[in-house]
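Structural description and commentary
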Amino acid sequence: MTYQQALAAGDLLARFCHTQLARFLPGLDPARAYTNARTLGLTAAQLGQLCATDPLTARLRLTA
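Definitions and limits used
- Residues numbered from 1 in each chain as written.
- Predicted model: local features only at pLDDT ≥ 70, side-chain atom pairs only at ≥ 80, totals over all residues.
- Heavy atoms only, no water.
- Phe/Tyr/Trp six-rings, centres within 6.5 Å; stacked < 30°, edge-to-face > 60°.
- Helix = DSSP H or I, 4+ residues; strand = E, 2+ residues; numbered from the N terminus.
- Buried < 20%, exposed > 50% of the residue type's maximum accessible area, 1.4 Å probe, protein only.
- Core = buried A, V, L, I, M, F, W, Y, C linked by side-chain atoms within 4.5 Å.
- Contact = heavy atoms within 4.5 Å.
- Salt bridge = Lys/Arg side-chain N within 4 Å of Asp/Glu carboxyl O.
- Axes fitted to C-alpha atoms, helices over the stretch in contact; angles between N-to-C directions.
- Parallel < 35°, antiparallel > 145°, perpendicular 65-115°, else oblique.
- Nonpolar A, V, L, I, M, F, W, Y, C, P; charged D, E, K, R; others polar.

Considering all chains together, one arrives at two aromatic pairs under this definition. Residues Tyr3 and Tyr34 carry aromatic rings whose centres are separated by 5.8 Å and whose planes lie at 50° to one another, so their mutual orientation is tilted. Of the two residues, Tyr3 is situated in helix α1 (residues 3–9) and Tyr34 in helix α4 (residues 30–40); the sequence distance between them amounts to 31 residues. The burial state of Tyr3 is the same as that of Tyr34; both residues are buried.

As structure tokens, then:
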């Protein structure tokens, strides 16, 4: 499922990447972040916690 399809389907991780990611990690591409988060098996809650507690690690994981 692509980022756009997941966003249209109301996927929580896609919604997080679309609405909140810029707040924590400005300049990061939400589609790429969504794909990488899915590859890592992160949920929206886990990604939100990671972004809030360790934004540098979150950026590194989502841009790898």
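With that settled, consider the nonpolar core. Counting residues in each nonpolar core, the largest one holds 19 residues, and the members touching the most others are Cys17, Leu21, Leu25, Tyr34, Leu47, Cys51 and Leu62. Elements with a contribution of two residues or more to this core: α1, α2 (12–19), α4, α5 (44–53) and α6 (55–63). Discounting residues that sit within four places of it in the chain, Cys17 has contacts with Tyr3, Pro30, Ala33, Tyr34 and Leu47.

Moving on, we come to the pattern of salt bridges. Under the defined criterion, the tally for this structure stands at one salt bridge. One salt bridge connects Arg38 with Asp11, and the closest N-O pair in it is separated by 2.4 Å. Here the residue Arg38 occupies a position in helix α4, and Asp11 occupies one in the loop between α1 and α2, the gap between them amounting to 27 residues.

What follows concerns the packing of α4 against α6. The contact between α4 and α6 brings their axes to 8 Å, and the two run at 90°. It follows from the interaxial angle that α4 and α6 lie roughly perpendicular. Contacts from Arg32, Ala33, Asn36, Ala37 and Leu40 in α4 reach Arg61, Leu62 and Thr63 in α6. Across the contact of α4 with α6, the residue classes tally to four nonpolar, two polar and two charged.

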